[in-house]
Amino acid sequence: MAQIKRAISPSSSTGERTEGVGLYAYNVWSNEEDSTSQQEMIQSLSQPTELNDGDPPFPDKVPPHDPSWKSEDTGYLLGHWTGEDTTLSGHIVTVSSASQSYTTTVDGNRLFVLCNVPSGDYTLEIEGTALQDVLTIEANTITRIMI
């Protein structure tokens, strides 16, 4: 909580504030020092609790962004490599159709994401593998694949 409050407080030299913070968990909750539960910590981000001395860092709800700028004919791809090869971090993922192709990179958790891909049928290939799969991207939909 103290780290978050430091990150969002005004700069001592300019008085400016950061535009936001990114919170990340390594999928393991460990707080052996004071046995705070994960739910208690999450609640303390937006509600007064003992953990934040009654002053949560994010007390106001943020309205969703206006999505009108997005094309109605695009979708999203969320992929997770579950194969035996655990060294794919940094490898290129290519999704291509007859007229266009899109690329992204496999991250350290073996995940990859493509956003705003026009609807249609695509061939998926991952550099360094023999994988060649066909998938369909649908408008306003997240296509999830585990390979």
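Residues numbered from 1 in each chain as written. Predicted model: local features only at pLDDT ≥ 70, side-chain atom pairs only at ≥ 80, totals over all residues. Heavy atoms only, no water.

Enquirer: Before we go on, may I ask you to explain the sheet that holds strand 7 (residues 142-146) in this structure?
Expert: In sheet architecture, strand pairing relies on hydrogen bonds along the backbone and comes in two forms, parallel and antiparallel. Taken in spatial order, the 3 strands make up an open sheet running 4-1-7, and their pairing is mixed. With one partner strand each, in any of the chains shown, strand 4 (111-118) and strand 7 form the two edges of the open sheet. With direction set aside, neighbouring strand axes in the sheet form an average angle of 15 degrees. In this sheet, strand 4 lies alongside strand 1 (residues 74-80) in antiparallel orientation, the contact comprising 6 bridges. Counterpart to Thr-74 in the pairing with strand 4 is Pro-118. (Pairing = 2+ DSSP bridges. Helix = DSSP H or I, 4+ residues; strand = E, 2+ residues; numbered from the N terminus. Axes fitted to C-alpha atoms, helices over the stretch in contact; angles between N-to-C directions.)

Enquirer: Sorry, what's going on with the sheet that holds strand 3 (residues 101-105) here?
Expert: Pairing is antiparallel across the open sheet formed by 4 strands, whose spatial order is 3-2-5-6. Where the open sheet ends on each side, the last strands, each with one partner, are strand 3 and strand 6 (132-137). Within the sheet, the average angular offset between the axes of one strand and its neighbour, ignoring direction, is 25 degrees. Sheet topology places strand 2 (residues 92-96) next to strand 5 (residues 120-126); 4 bridges connect them, and they run antiparallel. Across the sheet, the residue bridging to Ser-96 is Thr-123, located in strand 5.

Enquirer: When you look at the pairing of strand 6 in this model, what are you seeing that I'm missing?
Expert: Successive residues of a regular strand alternate their side chains across the two faces of the sheet. In the sheet, strand 5 pairs with strand 6 via 6 bridges, with the strands oriented antiparallel. From the neighbouring strand, Leu-124 faces strand 6, where its bridge partner is Asp-133. Following strand 5, the chain reverses through 5 residues before pairing antiparallel with strand 6; Gly-128 in that reversal takes a positive phi of roughly 85 degrees.

Enquirer: What is the right way to look at the nonpolar core in this model?
Expert: Judged by nonpolar contacts, the single largest core of 16 residues is most densely connected at Leu-77, Phe-112, Leu-124, Ile-126 and Leu-135. If you list the elements that add at least two residues to this core, you get strand 2, strand 4, strand 5 and strand 6. Those residues within four positions of Phe-112 in sequence are excluded, and the remaining contacts are Leu-77, Leu-78, Gly-79, His-80, Val-93, Thr-104, Thr-105, Val-106, Leu-124, Ile-126, Ile-145 and Ile-147. (Core = buried A, V, L, I, M, F, W, Y, C linked by side-chain atoms within 4.5 Å. Buried < 20%, exposed > 50% of the residue type's maximum accessible area, 1.4 Å probe, protein only. Contact = heavy atoms within 4.5 Å.)

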